[in-house]
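Tertiary structure, described
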Protein chains: 2
Amino acid sequence: MNVDPKSVAVPMATDAAPGLAAIGDAAARIAPFAHVTPVLRSASLDERAGCEVHFKCENFQRVGAFKFRGACNAVFALPDDIAARGVATHSSGNHGAALALAARLRGIPAHVVVPTNAAKVKHDAIARHGAKIVECAPSMAAREAAVAQVIAHTGATLVHPFADPLVIAGQGTVALELLRQCAGLDALIAPIGGGGLLSGCAITARAIAPAIGLWGAEPAAACDAHDSLAQGRLIDDRVPDTLCDGLRGHLAPITFAILRTHLDGIGLASEQEIVAAMRLLWERLKIIVEPSSAVTLAALLRERERFAGQRVGLVLTGGNVDLDTLAWQR
Amino acid sequence: MNVDPKSVAVPMATDAAPGLAAIGDAAARIAPFAHVTPVLRSASLDERAGCEVHFKCENFQRVGAFKFRGACNAVFALPDDIAARGVATHSSGNHGAALALAARLRGIPAHVVVPTNAAKVKHDAIARHGAKIVECAPSMAAREAAVAQVIAHTGATLVHPFADPLVIAGQGTVALELLRQCAGLDALIAPIGGGGLLSGCAITARAIAPAIGLWGAEPAAACDAHDSLAQGRLIDDRVPDTLCDGLRGHLAPITFAILRTHLDGIGLASEQEIVAAMRLLWERLKIIVEPSSAVTLAALLRERERFAGQRVGLVLTGGNVDLDTLAWQR
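So, a few notes on the structure that sits alongside this text.

What counts as what
- Residues numbered from 1 in each chain as written.
- Chains lettered and ligands numbered in written order.
- Predicted model: local features only at pLDDT ≥ 70, side-chain atom pairs only at ≥ 80, totals over all residues.
- Heavy atoms only, no water.
- Least-squares fit on C-alpha atoms with pLDDT ≥ 70 in both.
- Contact = heavy atoms within 4.5 Å.
- Salt bridge = Lys/Arg side-chain N within 4 Å of Asp/Glu carboxyl O.
- Helix = DSSP H or I, 4+ residues; strand = E, 2+ residues; numbered from the N terminus.
- Buried < 20%, exposed > 50% of the residue type's maximum accessible area, 1.4 Å probe, protein only.
- Buried area = accessible area lost by both parts, 1.4 Å probe.
- Nonpolar A, V, L, I, M, F, W, Y, C, P; charged D, E, K, R; others polar.

**Some details on the relation of the copies chain B and chain A**
In screw terms, the move from chain B to chain A is a rotation of 180° and a rise of 0.0 Å along the axis, fitting with an RMSD of 0.0 Å. A rotation of that kind, with that shift, is consistent with a two-fold axis. In terms of C-alpha distance to the rotation axis, chain B has Ile287 of chain B as its closest residue, with the C-alpha 2.1 Å off the axis. The residues that chain B uses at the interface reappear at the interface of chain A in 100% of cases, marking a shared surface.

Okay, here's the thing in structure tokens:
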């Protein structure tokens, strides 16, 4: 997203990557509000993957997604006078609901610009958590124009879904928790949409366990991050078509820079493999995860040799799906 | 179930209720094999229930149900020479899969008599865990005859799904764990089918926290335990018709006696309320539970006044459902 800084009256987040200290601050800041999510195991999935898989269940996080961590950190880091004017973002998904809840917990307004084609289940969640919803046409230009207008009118602070050091630091607390829960992980795999989660986790994991393998997972149908790292330039002009509605975004300069520095690689998976992995997670772990979460297991199952015998942490990012029609029923 | 003792060559379990010591022994015996399951919370479900609800997630137990605890305790308590001849049961559900896995872990045969009308997902699980399956007609008489024949031929030990002190002691470890995880619970609610889970939990909870409220939950369409306690006599001649396939059994003398002593009451819920509660659990907790688990939340929501403001523990018993057709899609 590129809101013109001249069009907004409040300070923009800087492009400096957060360090481990900022991630520790985030952990302390969100502790009164966020859940410590459990790590689940499955003997049958271990057998199928050929390694020891530790599933970090952020689908159990508040609002049903890791996004609450970053939004909560950004909202509670604001000085009182700035916070009083509220926060704003545009989102068709979990970040909107996360920002709405974080703002409600702080007692300040949240304005969320939602495109008219957003999934009903996510639109409803944004409304349920008390955000003021501004509807807009389903184009990035319309979304950015609408959020710039909201900010100009209200003085609200923009909380970007991923191109924001406070948001990245908040997401990094996932790895901080996971590494505390599972000592001696050999590798960590997380999905990549805009790259906020994996950036925060990479900074954390490299600082605590420098030798750990750090892997992204992306739908083959939305492999802009994979290609960006391969080509050494940020690709941000594609319109991906994937079931993984949380992974349709592209990297921002800050997440591109962090991931270039830290990542060992990105595994890809087909749409069919993602649906099969999602069903396996539902069946064997007895949990509800989104397609965007299942891409991690799908990528792991494609690269069994690489991770053979290792202790691998997988971040399951969210569980907000339409329960009327399941992915394998379409 | 009433296998004629004269027809079997191995010792029958006695009718003596286990005490807290036996439940502690069970906890130690199953610890190398069973999962310590997490307790989940949801702010939105607390709000809806008007109390603080702590969900004990036995759907995350091995084979996807608490049944593994009892089966594992019974299998590993057998002396080597008796164990070597194997174990047997009849089951259309989770107990069969649990006994199969427990036997495989001990390296002994398991014979499971499965009626031809068993759900495919449960039949498959029994087979996947390595049991020798004996099919029979879907009547209790046919099931009992088939298991008696297996026992006569093999010398296997019968492990009854609930009318067995070792099984009851194993199920009691659910409460032992939950009370350790959540101090100061005011009440505990668990579903009642044959009453093994609630019997074990009642013995444990009364010993550790004597003032705790102990409640069963039962489908109104299968309220034989409710009526048995109300009338002071064991009703075991009904053929209930409920979506809750785990709760179609009736009490045995041992569970009837334990529940009469310890229970404060049994809450009922309609089939419609159970499906609605199941969907709420899927949506808000992001977990997969069977209808037989959801009856606890359904009963709680019906009796909001009784539990208002309390800390309530709910046992979610299992997560083995057919993912092709969900309960609310029928």
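What follows continues from the structure just given.
**Structural notes on the pattern of salt bridges**
Residue and element names in this part refer to chain A. Counting across every chain of the model gives 30 salt bridges over all chains. For Asp264, the salt bridge identified is with Arg206, shortest N-O distance 3.2 Å. Note that Asp264 is positioned in the loop between α11 (253-262) and β9 (265-269) and Arg206 in helix α9 (residues 196-208), a separation of 58 residues in sequence. For Asp264, a relative accessible area of 43% gives the class partly exposed. Relative accessible area serves as the criterion here: at 19%, Arg206 is assigned to the buried category.

**Describing unusual backbone geometry**
Note: most residues except glycine have negative phi, and most peptide bonds are trans. With a phi close to 60°, Lys286 of chain A is a non-glycine residue in the positive phi region. With respect to the helices and strands, the residue Lys286 of chain A is situated in the loop between α12 (271-285) and α13 (291-302). With phi around 60°, Val63 of chain B is a residue other than glycine that occupies positive phi space. Mapped onto the secondary structure, Val63 of chain B falls in the loop between β2 (52-57) and α3 (67-77). Owing to a relative accessible area of 15%, Val63 of chain B belongs among the buried residues under this scheme.

**What about the interface of chain B and chain A?**
One widely used convention gives an interface's size as the accessible area the parts lose upon coming together. Chain B puts 26 residues into the contact, and the matching count from chain A is 26 residues. Buried surface at the junction of chain B and chain A, both sides included, amounts to about 2,000 Å², of which 56% is carbon and sulfur. Close ionic contact of Arg279 of chain A with Asp324 of chain B constitutes a salt bridge, the shortest N to O distance being 2.9 Å. The greatest single-element share of the side of chain B that touches chain A, amounting to 5 residues, is contributed by helix α12 (residues 271-285) of chain B. For the side of chain B that touches chain A, a count of residues per class yields 11 nonpolar, 7 polar and 8 charged.

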